[in-house]
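Chain residues, written in single-letter form:
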Amino acid sequence: MPAKDDPIGIFDSGVGGLSVWREVARLLPSEDILYFADSAHLPYGERSLEEVKAFSEGITEFLVDRGAKVVVVACNTASAAALYHLRERFSIPIVGMEPAVKPAVSLTKKGKIGVIATKATFQGLLFRRLVERFGQGVEIHTRACPGLVEMVEEGLLNGQEAEARVREQLEPLLREGIDVLVLGCTHYPFLRETLEKVVGPGVTIVDPSEAVARQVKRVLEERWLLREGGREGRYTFFTSGEPDRFRKILQMLVGVSGPVSGVEWAGGKVIFRDYP
């Protein structure tokens, strides 16, 4: 059975989920957090839903084996592909991501909403159900944005080149006259400054990261798993990519330095690369 002192587990295809990690760490500073970046399989958005489902199951098993009391799927693509399956497969609570269509509908004045996410996210059942439930009476314009995830992974967040790339992707949505833009990928909040320059003050940007952190807190409170205050949480990071590269981008994006362990995939399971 999970205990209060057990860690929170968070994973993403790369560094994008750090936008969620940042909000969870801010809201719950006493909690230990394990973060897994599956950089070896980046980007998830270009893979099949079945592939992403298999990766998500392997990572969740790895985090559960390390004592996670809750797992946050800090990736819209992985949530679209695997959230329902993970909740059936594992007994601990699983918190997922979904494009923030519901709050966007409450914010739009023109009835025109843009959603940017990966192709796989739009193909998933989760997104279709969101549109069916909350999208009546508004226009929802979707756009997959290839290349933006890679920009964040490379640390290209600001400047003329970043702005040109973002503008190229968002121009079709701006021509539709949207007044709300939903960030449907956890990498995109790290591009927020550039996104705001491109869309201008007339478009409200919706980032669900804070809402996900609040949901994590609610889940822990409901199960009496919230750690008592009085100590700082410890953060541990795992990557299936290069640990040194991850350490650099970790510092750049969220200003944190912490232990980073290299892991690798073998037979659908995650094993340590650094030690047995």
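Everything discussed here concerns the structure shown above.
Description of the structure in this document. Only a predicted model underlies this, so the values are computations on that prediction, with no experimental measurement involved.

**Considering the sheet that holds strand β7 (residues 180-183)**
- Reading across the sheet, the four strands line up as β6-β5-β7-β8 and stay open at both edges, with parallel pairing between neighbours. In the strand order of this sheet, the two ends are held by β6 (139-144) and β8 (204-206), each with one partner. Put simply, the sheet's adjacent strands are angled 20° from each other on average, direction ignored.
- Judged from the three bridges that link them, β7 and β8 form a sheet pairing that is parallel. Bridged to L181 within β8 is I205.
- Contacting β5 (112-117), β6 and β7, helix α8 (residues 160-175) crosses the sheet at an angle of about 160° to β6.
- Packing of helix α9 (residues 192-199) onto the sheet brings it into contact with β5, β7 and β8, and relative to β8 it is tilted by some 150°.

**With respect to the packing of aromatic side chains**
- For the structure shown, the criterion picks out twelve aromatic pairs.
- Note on F122 and F127: the rings are 5.1 Å apart at their centroids and 70° apart in plane angle, and the pair reads as edge-to-face. The pair F122 / F127 is uniform in exposure class, with both members buried.
- Three or more aromatic residues link up through ring pairs in this structure, and these residues are W21, Y35, Y235, F237 and F246.
- When the ring centre of F90 is taken as reference, the NZ or CZ atom of R89 above it lies at 4.5 Å.

**Comments concerning the pairing of strand β9 (residues 235-239)**
- When strand β2 (residues 33-37) meets β9, the two strands line up parallel, connected through five bridges. Each residue of the ladder has a partner; that of A37, found in β9, is T239.
- In this structure, β9 lies alongside strand β10 (residues 260-266), joined through three bridges in parallel fashion. Directly across from F237, in β10, lies its bridge partner V260.

**Notes on the pattern of salt bridges**
- Here the structure, examined in full by the defined rule, presents 17 salt bridges.
- In this structure, D32 engages R234 in a salt bridge whose closest nitrogen and oxygen atoms are separated by 3.3 Å. Residue D32 is found in the loop between α1 (18-27) and β2, and its partner R234 is found in the loop between α10 (209-222) and β9; the two are separated by 202 residues along the sequence.
- Overall, the relative accessible area of 9% leaves D32 in the buried class.
- For R234, a relative accessible area of 53% puts it in the exposed group.
- Between R89 and E57 there is a salt bridge, and its shortest N-O distance comes to 2.8 Å. Here E57 lies in helix α2 (residues 49-65) and R89 lies in helix α3 (residues 76-89), a separation of 32 residues in the sequence.
- For R89, a relative accessible area of 38% puts it in the partly exposed group.
- Classification of E57 by relative accessible area gives partly exposed; the value is 23%.
- Put simply, D5, D32, R227, R231 and R234 are held in one network by salt bridges that share partners.

Reading guide: rules and limits
Residues numbered from 1 in each chain as written. Predicted model: local features only at pLDDT ≥ 70, side-chain atom pairs only at ≥ 80, totals over all residues. Heavy atoms only, no water. Pairing = 2+ DSSP bridges. Helix = DSSP H or I, 4+ residues; strand = E, 2+ residues; numbered from the N terminus. Axes fitted to C-alpha atoms, helices over the stretch in contact; angles between N-to-C directions. Contact = heavy atoms within 4.5 Å. Phe/Tyr/Trp six-rings, centres within 6.5 Å; stacked < 30°, edge-to-face > 60°. Buried < 20%, exposed > 50% of the residue type's maximum accessible area, 1.4 Å probe, protein only. Lys NZ or Arg CZ within 6 Å of the ring centre and 35° of its normal. Salt bridge = Lys/Arg side-chain N within 4 Å of Asp/Glu carboxyl O.

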